[in-house]
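Examination of the molecular architecture
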Amino acid sequence: MPRALLQDGPAAALGSAIFAQSDFATDADGWTVQTGYPLSTASAAPAWQASAPSFPRGVVAWQAQADAAQSSDVFLKAPVKFLGDLSGCYGQTFDLVLSTLTPPDQTPAGFYAGAQGLILQSAVGDLWIPSNVQNSIQDPTLAPVQALAVGLFETAACRLSSTGAAPSADEFKSVLHAVTGLLVRLSWFEGSVDWTTTVGAVALYKTGSLDPRLAALQSRLQAAIVGDALILGAETLGADGAALLAQLHSQLSIDALHVSGHVAITAIDDGLLVTADSFDDTVLGVSGNGVSIAFGQTPQALTWQIVLQCGAGWSVADSFPNLGGTWAGGVAVVAEADADALLILASQAGPRTGEPSAPALLEGLNLIAKLDVAAGPALALSQLIPGLAGPLQAAGLALNTARGEQLDLQASLPAFTLALPVLPAL
């Protein structure tokens, strides 16, 4: 029953949707590490890294020393978004991808690292669920990747602390109904060496039911992945995507979107999410950066939000060169990371998928960027509002067609007061 995993992250099966996930794109996402169970003898946040071998999208990592005489257990503790009523997750899986390394100058014989399984804590008792992977010898000169998949259903190998026996289906479901803690148990054996563990993706799945139109799209997209690349065009989108392709041509001047590198297609609430390491077309002077496409639907047709990362070092002039010499062309942005500036093509207005706190999108091509208040036209704001800290998150419509280029950006400012002199009456 456990699903197959991609090398750098989970891939949802048909009929599944994500209950909670951590991709560690920007931080540790609330995960902590503890060395004892049920009570922790030490607890700390793991170190966050922007990338690591075999994990291009962000990871958490920690290092400790195993005891040569006995096994050493460490527990990765989940944040609150993975807790609560998990009843809808029964029959699905908890997936985690990790890598364990020892220092290259040490080659201990018989060093084992095991992704042992999952502990769900509840008032009913603590439920131990073994994983599909137990002990595996790790080569310290490589970066091996383990795909941990824990099936959320009762088996003879599961144990419930309150009874000391394997749970019945009803007991298993009772634990899922009110989960107060979720711990991933990791074990190391026979190694008096320092080891480093890296986790690159975590996902908890629930049962989902895709609309037949989206289910058919998912099947076409899965079948169209060739050599870790995917073309989103007329063949994959079908008749329901005709309006989307027309928008792609009019707004981005391309007839299909080519994406590649760790292509993943995941069922989400009321839709599908396609992610990849890069888009291979040159779109408004930008290419080769991360991309995601969130598909939804209306009663009439498919909808989408294409999110293109502009890349580190991007400037307005890169995508809108004809605005040079105008006020808009002089806008300075802060783009230190690939995702600091985004071009988002939305087929309809509405909230950004998966980002409820982000600015709402307008129909058409949206630009989201960080305005530099220390340079360009926005410098006037820092002169007008003392203490204004930048950069400012700005969003709005962008236009780059044969008929012209245009930016319409808006940003929220903190409350401020402005003292105006009182002029004498004439």
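Here is what the cut-offs are and how they apply
- Residues numbered from 1 in each chain as written.
- Predicted model: local features only at pLDDT ≥ 70, side-chain atom pairs only at ≥ 80, totals over all residues.
- Heavy atoms only, no water.
- Helix = DSSP H or I, 4+ residues; strand = E, 2+ residues; numbered from the N terminus.
- Buried < 20%, exposed > 50% of the residue type's maximum accessible area, 1.4 Å probe, protein only.
- Contact = heavy atoms within 4.5 Å.
- Areas by Shrake-Rupley, 256 points an atom, 1.4 Å probe, with all protein chains shown as cover.
- Salt bridge = Lys/Arg side-chain N within 4 Å of Asp/Glu carboxyl O.
- Pairing = 2+ DSSP bridges.
- pLDDT = per-residue confidence, 0-100.
- Phe/Tyr/Trp six-rings, centres within 6.5 Å; stacked < 30°, edge-to-face > 60°.

Each helix and strand in the protein was counted, giving 6 helices and 27 strands. In the protein, buried positions account for 46% of the 426 residues. For the protein, contacts bridging at least 24 residues in sequence account for 68% of all contacts bridging at least 6. When the accessible surface of the protein is split by element, carbon and sulfur atoms take 55% of a total near 19400 Å².

It is worth spelling out the pattern of salt bridges at this point. Pairing between side chains of opposite charge can happen when their charged atoms approach one another. Using the criterion set out here, one finds 3 salt bridges in the structure. The salt bridge partner of Lys-81 is Asp-29, with a shortest N-O separation of 2.6 Å. Taken together, the positions of Lys-81 in the loop between strand E8 (72-77) and strand E9 (93-101) and Asp-29 in the loop between strand E3 (16-22) and strand E4 (32-34) put the pair 52 residues apart, joining distant regions of the chain. Of the residues examined, Lys-81 reaches a relative accessible area of 35% and is grouped as partly exposed. Classification of Asp-29 by relative accessible area gives partly exposed; the value is 27%.

With that settled, the discussion passes to the environment of Leu-96. Relative to the helices and strands, Leu-96 resides in strand E9. Owing to a relative accessible area of 0%, Leu-96 belongs among the buried residues under this scheme.

Of all 8 residues making up strand E25 (residues 364-371), 7 are buried, and the element is well covered by its neighbours. Strand direction decides the pairing type here: strand E24 (residues 342-346) and E25, joined by 5 bridges, are antiparallel. Residue pairing in the sheet places Leu-343 in a bridge with Leu-367 of E25. Bridging between E25 and strand E26 (residues 392-401) involves 6 bridges; their strand directions are antiparallel.

Mean pLDDT over the protein works out to 77, with 73% of the residues at or above the 70 mark. Mean pLDDT across the elements of the protein bottoms out in strand E1 (residues 5-6) (32) and peaks in strand E18 (residues 257-260) (95). Low pLDDT (under 50) marks residues 103-113, which in the prediction has 37 contacts with non-local residues, meaning those over four places away or in another chain. Low pLDDT, under 50, characterises residues 133-143; the stretch is placed with 36 contacts to residues that sit more than four places away or in other chains.

Turning to unusual backbone geometry, a few remarks are in order. A positive phi angle is found at Ser-253, which is not glycine, with a value near 60 degrees. On the secondary structure map, Ser-253 appears in the loop between helix H4 (242-252) and E18. What makes Ser-253 exposed here is its relative accessible area of 58%. One non-glycine residue, His-262, lies in the positive phi region at around 50 degrees. If you trace the backbone, His-262 turns up in the loop between E18 and strand E19 (264-268).

It is worth spelling out the environment of Leu-244 at this point. Within the element layout of this structure, Leu-244 appears in helix H4. Given a relative accessible area of 2%, Leu-244 falls into the buried group.

Before going further, it helps to spend a moment on the packing of aromatic side chains. Enumeration over the complete set of coordinates arrives at 4 aromatic pairs. Here Phe-82 and Phe-94 contribute two aromatic rings whose centre-to-centre distance is 6.4 Å and whose plane-to-plane angle is 70 degrees, an arrangement assigned as edge-to-face. Placement of the pair is Phe-82 in the loop between E8 and E9 and Phe-94 in strand E9, with a sequence separation of 12 residues. Across the pair, exposure class does not vary: Phe-82 and Phe-94 are buried alike. Their ring planes at 65 degrees and their centres at 6.0 Å tell us that Tyr-90 and Phe-172 sit as a pair that is edge-to-face. Here Tyr-90, found in the loop between E8 and E9, pairs with Phe-172, found in helix H1 (residues 169-177); they are 82 residues apart in sequence, far enough to count as distant. A relative accessible area of 25% means that Tyr-90 is categorised as partly exposed. Residue class for Phe-172 comes out buried when judged on its relative accessible area of 0%.

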